[in-house]
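# Remarks on the overall topology
One-letter residues, chain by chain:
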Amino acid sequence: MNDKPKIILGLIVFVAVFTFPFWYNHLSASAPPKVELTEKAKAAKVCVAEKEFMRREHMQILDQWRDTVVREGKTIYTDENGKEYVASLSNTCMDCHSNKAEFCDKCHTYTSTDPYCWDCHRYPEEKK
Amino acid sequence: MNVNYLSSLAAVIILGLIAYAGAQSGGFYQVLFGIFIPYLAVLVFILGFINRVMDWAKSPVPFRIPSTCGQQQSMEWIKQSKIDNPSTFIGVVIRMFLEIVLFRSLFRNSRVEIRGDRLSYKWVIWLWLFAIMFHYSFLAVVIRHLRFFTEPVPFFIPLIEKVDGILQVGLPIYYISGLTLLAGATLLLLRRVLIPKINYISQAADYFPLFLIIGIAFTGIMMRYFTKVDVVRIKEMTMGLVTLHPGIPEGPIGGLFYVHLFFVSILVAYIPFSKLMHMGGVFLSPTRNLANNSRAKRHINPWNYPVKVHTYEEYEDDFREKMIEAGLPVEKE
């Protein structure tokens, strides 16, 4: 019994499936997104935490804010330097970062992240 | 305590520490662990896998040797078990499909015990349950990871992410498959460690991949939910790898990422040389993929050569006179 043709066909399927990322992208990648700050954000200089921390952990702060505001009724967040902020995505974060498409969506789309923030929250109309 | 699993555990911990130390010392070592080793691992995986399968393809399978689990095809009035004892190609396809997708042979797992003064067989589902949990979690995790290797991300990845994150717990959203993968691998490990009979037949080669996969799942879960890494920079790096424009992005990524990547590289490169080849082997197991039609169809061994025979008639022709002299009976006078 000679099954070699069938086995070779199987191997071709194997290689095609397991090299998917190599051929799907046609060997070219678009440049990674760069976060764009609004004038207001640039002027403010500081966020609720330092930049590298915010890059990695902003979602956890928002999750924490949701819990403290909704479940414990504490609406004030105090940062490491003792500065106080109203814990609110729409009113505090998006006051400076009003450019949702440029500031939030770019990286979220790039990394296939679909946060359900805006299932409930409104975001400010973008000013062009 | 057992040297087989302690040595495997030690190996995985040392490998993790090496990668972590490498990531911390930066420069050349980041290129080594972030670019050189992953490429080498993929190459070894693909070529090693093809080599192993072609080696199997060369092995002759002259006879039908299916392990059957039901009534074979017989007289018309005897009901055949068409999937468990297939006699047609379609039957084999269905049997193979169910084996690969549902692990039916593990489902039949049983335990032999002596209870009082009699022998008893008990159906034991745990191996099947842990295995199916582990394999499907791993599949979901692997598919989810394609989000780092594709741009734009194809439709089926967000779809799986939605289903996997259906609980909507925490941020980043908790994925069910991550924890079930870790749990599945841990339970399979505990099975080998805690059950004496299975412990007795377990080798370092059984423990090592389990520890490695536990290490991969653990570092992955740590990165997503606890210590955090910079996902955008990671994607920049992984996209560089798959588009053959490798580079180490500027700015910190996190040492744990290099440990995760190194573990995955080792696992992938280890597959062709280990039991993990069951990934390809399940398709090629002759006890599953052959139809049981030995009685309906004659299978001639392909390397049979013409055998010289000397029949009894010829023998008698040679010695007839001597046989008659000696008083032996002959067929022809």
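Up top you'll find the structure we're talking about.
First things first, this report covers the structure right here in the doc. Remember, predicted model here, so these are calculated numbers, not experimental data. Here the residue numbering is sequential within each chain, running from 1 through the sequence in written order. For naming, the first written chain is A and the first written ligand is 1, with later ones following in the order written. Thresholds applied to this predicted model are a pLDDT of at least 70 for local features of residues and 80 or more for the giving and counting of side-chain atom pairs; totals over whole chains, interfaces and linings are not thresholded and use all residues. Calculated side-chain values reflect all of the structure's heavy atoms, with hydrogen atoms and water omitted.

## Some remarks on the overall build of chain A
Secondary structure counts use DSSP, requiring at least four H or I residues in a row for a helix and at least two E residues in a row for a strand, with both numbered from the N terminus. A tally of regular secondary structure across chain A gives seven helices and two strands. Reading the helices (α) and strands (β) of chain A from amino to carboxyl end gives α-α-α-α-β-β-α-α-α. Here the globule rule is a power law, 2.2 Å times the number of residues to the power 0.38, and the radius of gyration is based on C-alpha atoms. Expected size for 128 residues packed as a compact globule is a radius of gyration near 14 Å; at 23 Å, chain A overshoots this value by more than 25%. C-alpha atoms of chain A, sized along the principal axes, occupy 80 × 35 × 30 Å. Burial classes follow relative accessibility: with a 1.4 Å probe on protein chains only, a residue under 20% of its type's maximum area counts as buried, one over 50% as exposed, and anything between as partly exposed. By the burial criterion, 32% of the 128 residues in chain A qualify as buried. Throughout, a contact is declared for two residues whenever any of their heavy atoms are within 4.5 Å. In chain A, once contacts between residues fewer than 6 apart in sequence are set aside, the share between residues at least 24 apart is 56%.

## Things to note about the overall build of chain B
Assigned secondary structure in chain B consists of 14 helices and two strands. By its C-alpha atoms, chain B is 105 × 50 × 45 Å across when sized along the principal axes. For chain B, buried positions account for 42% of its 333 residues. Partitioning the contacts of chain B with sequence separation of at least 6, the portion at a separation of at least 24 is 64%. For every accessible area listed, the method is Shrake-Rupley and the probe measures 1.4 Å; residues are considered covered only by the protein chains on display. Carbon and sulfur atoms make up 68% of the accessible area of chain B, which totals about 19600 Å². Here chain B carries 31 positive and 22 negative side-chain charges, and the mean point of each set is 14 Å from the other. Residues scored as positive are Lys and Arg, those scored as negative are Asp and Glu, and His as well as the terminal groups of each chain are ignored. For the purpose of locating charges, the reference atoms are NZ of Lys, CZ of Arg, CG of Asp and CD of Glu.

## Side note on the pattern of salt bridges
For this analysis, a salt bridge means a side-chain nitrogen from Lys or Arg found within 4 Å of a carboxyl oxygen belonging to Asp or Glu. Applying the stated criterion to the full structure yields 25 salt bridges over all chains. Note that Lys74(A) is salt-bridged to Glu72(A), the shortest N-O span being 3.5 Å. The network of salt bridges with common partners includes Glu52(A), Arg55(A), Asp230(B) and Arg233(B).

## Description of the packing of helix α1 (residues 3-25) of chain B against helix α9 (residues 204-226) of chain B
All names here are of chain B. Each axis is a line fitted through C-alpha atoms, taken for helices only over the stretch in contact, and angles between the N-to-C directions span 0 to 180 degrees. For the pair α1 and α9, interaxial distance at closest approach is 8 Å and the crossing angle is 35°. With respect to the hand of their crossing, α1 and α9 are arranged in right-handed fashion. Residue-level contacts link Asn4, Tyr5, Ser7, Ser8, Leu9, Ala11, Val12 and Leu15 of α1 to Ala204, Tyr207, Phe208, Phe211 and Leu212 of α9. Under this grouping Gly is polar, as are all residues other than the nonpolar Ala, Val, Leu, Ile, Met, Phe, Trp, Tyr, Cys and Pro and the charged Asp, Glu, Lys and Arg. Here the contact of α1 with α9 is built from residues that sort into 10 nonpolar, three polar and no charged. Here a crossing is called left-handed whenever its near helix is offset anticlockwise from the far helix by less than a right angle, and right-handed whenever the offset is clockwise.

## A word on the packing of helix α2 (residues 28-58) of chain B against helix α10 (residues 231-242) of chain B
Residue and element names in this part refer to chain B. It is at 11 Å that the axes of α2 and α10 come closest, and there the two elements cross at 40°. It follows from the interaxial angle that α2 and α10 lie oblique. The handedness of the crossing between α2 and α10 comes out as right-handed. For the pair α2 and α10, contact is made by Gly34, Ile35 and Tyr39 and by Met237, Gly240 and Leu241, respectively. Within the contact of α2 with α10, the residues separate by chemical class into four nonpolar, two polar and no charged. Note on terminology: angles under 35 degrees are roughly parallel, angles over 145 are roughly antiparallel, angles of 65 to 115 are roughly perpendicular, and the others are oblique.

## A word on the layout of surface pockets
A probe matching the size of a water molecule, rolled over the atoms, marks out where space remains unfilled. Residues and elements named next belong to chain A. Within this model, the second largest pocket holds a volume of roughly 380 Å³. Lining the second largest pocket are 16 residues, and of these Leu62, Arg66, Leu89, Cys117 and His121 sit closest to its centre. Breaking the lining of the second largest pocket down by element, the ones donating at least two residues are α4 (51-72), α5 (89-96) and α7 (117-120). Per-element accounting of the lining of the second largest pocket gives the leading share, six residues, to α4. Two kinds of site are reported from a 1 Å grid over the protein atoms alone, namely cavities, where a 1.4 Å probe fits but cannot get out, and pockets, open sets with protein on both sides within 12 Å along at least five of seven lines, and residues are called lining when an atom falls within 4 Å of a point. Grid points are joined across faces, edges and corners, and a volume is the space filled by probe spheres set on the points.

## Section: the interface of chain A and chain B
Across the contact, 34 residues belong to chain A and 51 residues belong to chain B. When two parts are brought into contact, each loses some accessible area as probed by a 1.4 Å sphere; the total of that loss over both is the buried area. The junction of chain A with chain B conceals about 3800 Å² of combined surface from both sides, 67% of it contributed by carbon and sulfur atoms. For the pair chain A and chain B, the interface holds three salt bridges. N or O atoms within 3.5 Å of each other form a polar contact, as long as, within protein, one can give a hydrogen and the other can take it, and as long as residues adjacent in sequence are counted only when both atoms are side-chain atoms. Joining chain A to chain B, the criterion identifies 11 residue pairs in polar contact (both at pLDDT 80 or more). A breakdown of the residues in the side of chain A that touches chain B according to their chemical character gives 19 nonpolar, eight polar and seven charged.

## As for α9(B)
Residue and element names in this part refer to chain B. Expected helix span is given by 1.5 Å per residue-to-residue step, counting one fewer step than there are residues. Over its 23 residues, α9 runs 31 Å from end to end, which matches the ideal 33 Å to within 8%, given 1.5 Å per residue. Counting buried positions along α9 gives 17 out of 23 residues, so the element sits mostly inside the fold. Among the residues trailing α9, Lys228 stands out with phi positive, at a value near 70°.

## A few points about empty space enclosed by the protein
Residues and elements named next belong to chain B. What the rule picks out here adds up to one cavity of 30 Å³ or more. If you trace the largest cavity, you find it lined by Asp84, Arg95, Glu99, Arg104, Arg108 and Arg288. A class-by-class count of the residues in the lining of the largest cavity yields no nonpolar, no polar and six charged.

## Observations regarding a nonpolar patch on the surface
Residues and elements named next belong to chain B. Taken together, Ile83, Phe89, Ile90, Val93 and Ile94 make up a surface patch of nonpolar side chains, about 460 Å² in accessible area. Looking at the secondary structure, you find Phe89 in helix α3 (residues 89-102). The class for Phe89 is exposed, based on a relative accessible area of 61%. Each patch is built from residues that are more than 30% exposed by relative accessible area and take part in no salt bridge. Like charges join if they lie within 9 Å; nonpolar side chains (Val, Leu, Ile, Met, Phe, Trp, Tyr) join within 5 Å.

## Section: unusual backbone geometry
The step from Glu151(B) to Pro152(B) runs through a cis peptide bond, and the omega angle for that step is 0°. In this structure, the amide linkage connecting Leu171(B) to the following residue, Pro172(B), adopts the cis form with an omega of -5°. Residues other than glycine seldom take positive phi values, yet Leu27(A) does so here, at roughly 60°. Along the chain, Leu27(A) turns up in the loop between α2 (20-24) and α3 (39-44). Residue Phe103(B) is not a glycine yet carries a positive backbone phi of 55°.

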